[in-house]
Amino acid sequence: MMRGSGTVPDDRDTGTPAPTGLASAAVELLRVPLSGFVAERKRLAVAARDDGDDELATAILALRKPSVAAWALNVLTAHHPDLLRELELLGSALGDAQRSGDATALRTLGTERRSLIATLVTATVEAAAAEGASLSGAVIETARQSLQAASADADLAAQVSSGRLTDAPTSSGAGWGGVVGGVGTPGRRSTADGSVGTRGDGDGDHSGEDDDRRRRLRARLEAAERDEEAASSASEEATAFLDESAVRRSGLQRDREDLARRLEELDADIADADREWARRQREADRAQRASDAAHEDVERLRSALED
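Keep in mind it's a predicted model, so treat the numbers as computed, not measured. (Residues numbered from 1 in each chain as written. Predicted model: local features only at pLDDT ≥ 70, side-chain atom pairs only at ≥ 80, totals over all residues. Heavy atoms only, no water.)

## A few points about the overall build of the protein
Broken down by element type, the protein carries 9 helices and 2 strands. Sorting the 307 residues of the protein into buried and exposed places 30% on the buried side. Intrachain contacts of the protein at a sequence separation of at least 6 include 63% that bridge at least 24 residues. Surface exposure of the protein reaches about 18,800 Å², of which carbon and sulfur atoms provide 51%. (Helix = DSSP H or I, 4+ residues; strand = E, 2+ residues; numbered from the N terminus. Buried < 20%, exposed > 50% of the residue type's maximum accessible area, 1.4 Å probe, protein only. Contact = heavy atoms within 4.5 Å. Areas by Shrake-Rupley, 256 points an atom, 1.4 Å probe, with all protein chains shown as cover.)

Below, the structure written as structure tokens:
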């Protein structure tokens, strides 16, 4: 273990078991509810530092919050590792069938693939709900695309199954999600921040010009990834606001329908009241006429008596 001067907060928590490595810390951290990510990251870093591993503590503090879709897939892995194992096996079987050109096997596996993806998407939504989160339609679609891609690529399935995603991959062979610590897949290496990158075919014998070009491309890639993450976060926030607006609109629509029904009831009550008033008016008029006639009789009799 390396010891040094890290920038880890000095909050000791001797009751917290120290993580055994970055991968194990990531598995634990990247599935906690996103609202508790920062506090859990600090807790794990403090535990690693208290165990004397400042390098691990610093690496833990460098871990970034996963996208919502990546978090949902990590939670899926924690809740249903058996389903993810099925996904890995399916990806491997599809690869074998494609390489051998076995059309019958491809048709059979295609049917199994569609059924498994549907099951996994449902399980993802349920697992997130069990953790207290409701996934938006956009997040569910991103998770579905990731599972679809993983079902056709055993290496990608292994990354999804690791439970250490920071980004959700949406296509096989491209757009791979970040995986903290890697999964030991051939042809891939872990970058400094723990995400998965692509390893070159050479053995370090690139010319200086090639090295410069690769550095420039890597810098552009990192900038593009940051832009993508910001855009994804903005999209998820906009979707959340859209969902909230839809719920409010639906509630207002129900209120308007209730008011319309109430207005119809009030119109009917007013019509009944009008009819009641007309009937009472007729009765009052008859009573007044009877009263006037009785008064005239009294006056006539009084006059006759005086005469």
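Text resumes after the structure shown.
## Some points on the packing of helix α5 (residues 81-100) against helix α8 (residues 154-161)
Put simply, α5 and α8 touch, their axes get as near as 8 Å, and they point 170 degrees apart. Taken together, the axis directions place α5 and α8 in an arrangement best described as roughly antiparallel. Facing Leu84, Leu87, Glu88, Gly91 and Ser92 of α5, the residues of α8 in contact are Ala154, Ala157, Ala158, Val160 and Ser161. Its residues assigned to classes, the contact of α5 with α8 shows 6 nonpolar, 3 polar and 1 charged. (Axes fitted to C-alpha atoms, helices over the stretch in contact; angles between N-to-C directions. Parallel < 35°, antiparallel > 145°, perpendicular 65-115°, else oblique. Nonpolar A, V, L, I, M, F, W, Y, C, P; charged D, E, K, R; others polar.)

## Digging into the side chain of Thr124
By secondary structure assignment, the location of Thr124 is in helix α6 (residues 103-130). We classify Thr124 as buried; its relative accessible area is 2%.

## Points about the nonpolar core
Residues Trp71, Leu73, Leu76, Leu87, Leu120 and Leu147 are the most contacted members of the largest nonpolar core, which totals 33 residues. Taken together, the elements giving at least two residues each to this core come down to α4 (68-79), α5, α6, α7 (137-151) and α8. Here this core gets 8 residues from one element, more than from any other, and that element is α6. One finds Val32, Ala45, Ile60 and Leu63 within the second-largest nonpolar core, a separate group that totals 13 residues. (Core = buried A, V, L, I, M, F, W, Y, C linked by side-chain atoms within 4.5 Å.)

## Observations regarding helix α1 (residues 22-29)
Every buried residue of α1 is listed here: Ala25, Ala26 and Leu29. Seen end-on, α1 carries its buried residues on one side only, within an arc spanning 100 degrees. Contacts from the buried residues of α1 go to α2 (37-50) and α3 (54-61). (Arc of directions from axis to C-beta.)

## Some remarks on the confidence of the model for the protein
Confidence in the prediction of the protein, expressed as mean pLDDT, is 77, and 74% of residues score 70 or more. Within the protein, strand β1 (residues 188-190) has the poorest average pLDDT of any element, 34, and α4 the best, 92. Below a pLDDT of 50 lies the segment residues 183-206, which in the model reaches 37 contacts outside its immediate sequence neighbourhood of four places, other chains included. (pLDDT = per-residue confidence, 0-100.)

## Examining α3
Residues Asp54, Leu56, Ala57 and Ile60 constitute the buried set of α3. Buried residues in α3, looked at end-on, bunch into an arc of 160 degrees, giving them a common side. As for α3, its buried residues are in contact with α1 and α2.

## A word on the pattern of salt bridges
Overall, the coordinates contain 17 salt bridges when judged by the stated rule. In this structure, Asp258 engages Arg261 in a salt bridge whose closest nitrogen and oxygen atoms are separated by 2.1 Å. With Asp258 and Arg261 both in helix α9 (residues 208-306) and 3 residues apart, this pair spans about one turn of that helix. According to the relative accessible area criterion, Arg261 is partly exposed, its value standing at 45%. In this structure, the salt-bridge partner of Arg275 is Asp272, at a minimum N-O distance of 2.1 Å. (Salt bridge = Lys/Arg side-chain N within 4 Å of Asp/Glu carboxyl O.)

## Notes on the packing of α4 against α7
Between α4 and α7, the shortest axis-to-axis distance is 9 Å and the interhelical angle comes to 60 degrees. Between α4 and α7, the crossing angle belongs to the class labelled oblique. Both α4 and α7 take part in a crossing whose hand is right-handed. Where α4 abuts α7, its residues Val68, Ala69, Leu73 and Leu76 lie against Val139, Thr142, Ala143, Ser146 and Leu147. (Left-handed = near helix turned anticlockwise from the far one by under 90°.)

## Details of the side chain of Glu40
Relative to the helices and strands, Glu40 resides in helix α2. According to the relative accessible area criterion, Glu40 is buried, its value standing at 15%. Here Glu40 is in contact with Glu28, Leu29 and Val32, once residues within four sequence places are set aside.

## Some details on the environment of Ala129
Position of Ala129 among the secondary structure elements: in helix α6. The spacing of Ala129 and Ala72 is 57 residues in sequence and 9.7 Å in space, taken between C-alpha atoms.

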